[in-house]
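# Tertiary structure, described
Here is what each chain is made of, one letter per residue.
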Amino acid sequence: MPDRSNPVATQLANIETRTGRSLAQLAALVQASGLTRHGEIRDMLKRDLGMGHGDANLVVHHVLQSDGASAAAGKGQDEVLDEIYSGAKAALRPIHDAVMAAIAGLGDFEIAPKKGYVSLRRNKQFAMVGPATNGRVDLGLNLKDLAGTARLEAQKPGGMCQFKVKLTTPAEVDGELLAWIRRAYDAAG
């Protein structure tokens, strides 16, 4: 039985069931195709196996180990953050640290480092934080039943987060932002 606390493992198990092929067989199919580009492999899986976009995309990431979790595997959280906030983005680290300090007071949660951001989870993801440009950190929030504002930007349905807040200074980590984070945190519990 799949581990329901790990949505990626659950989705991979469901893909095996839907396709009738193991992950090893799917990997062999990808390798035998001779394709190397993510989009080409994804499109081949969709075309040849009738997979949905999300399933095909996940299989490609799994086979190529190109997902954010694989990129961060074996590295400590500090090492991942040092990589994320390096070079031109180094000046953004105080914004990230201010967000994390504010969230730390809410209670227990998991920090899952990815290639270019960190995912914050309880029973499910409630936020993600990382640099979007050389001058801005984006805080994605999973919130429901809330209207967007100029600051709390609604995102397209089906994305990783329903809302995004653009942060350019640590001072923007204020009471209003913390209230939105608290709401997302509570809903993810």
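Thresholds applied
- Residues numbered from 1 in each chain as written.
- Predicted model: local features only at pLDDT ≥ 70, side-chain atom pairs only at ≥ 80, totals over all residues.
- Heavy atoms only, no water.
- Salt bridge = Lys/Arg side-chain N within 4 Å of Asp/Glu carboxyl O.
- Helix = DSSP H or I, 4+ residues; strand = E, 2+ residues; numbered from the N terminus.
- 1 Å grid on protein atoms, 1.4 Å probe; cavity = no way out; pocket = protein on both sides within 12 Å on 5 of 7 lines; lining within 4 Å.
- Points joined across faces, edges and corners; volume = space filled by probe spheres on them.
- Nonpolar A, V, L, I, M, F, W, Y, C, P; charged D, E, K, R; others polar.

### A word on the pattern of salt bridges
Inspection of the entire model under this criterion finds eleven salt bridges. A salt bridge links D55 to R18; the shortest N-O distance between them is 2.6 Å. Here the residue D55 occupies a position in helix α4 (residues 53-64), and R18 occupies one in helix α1 (residues 7-19), the gap between them amounting to 37 residues. Put simply, K164 and D138 hold a salt bridge, and the shortest N to O gap is 3.7 Å.

### Comments concerning the layout of surface pockets
Empty space within the second largest pocket amounts to approximately 180 Å³. Around the second largest pocket, the lining is made up of 15 residues, and of these M128, D138, L139, G140 and K164 lie nearest the centre. For the lining of the second largest pocket, the secondary structure elements donating two or more residues are β3 (125-133), β4 (136-141) and β6 (163-167). Tallying contributions element by element places β3 first for the lining of the second largest pocket, with four residues. A per-class count over the lining of the second largest pocket returns eight nonpolar, five polar and two charged.

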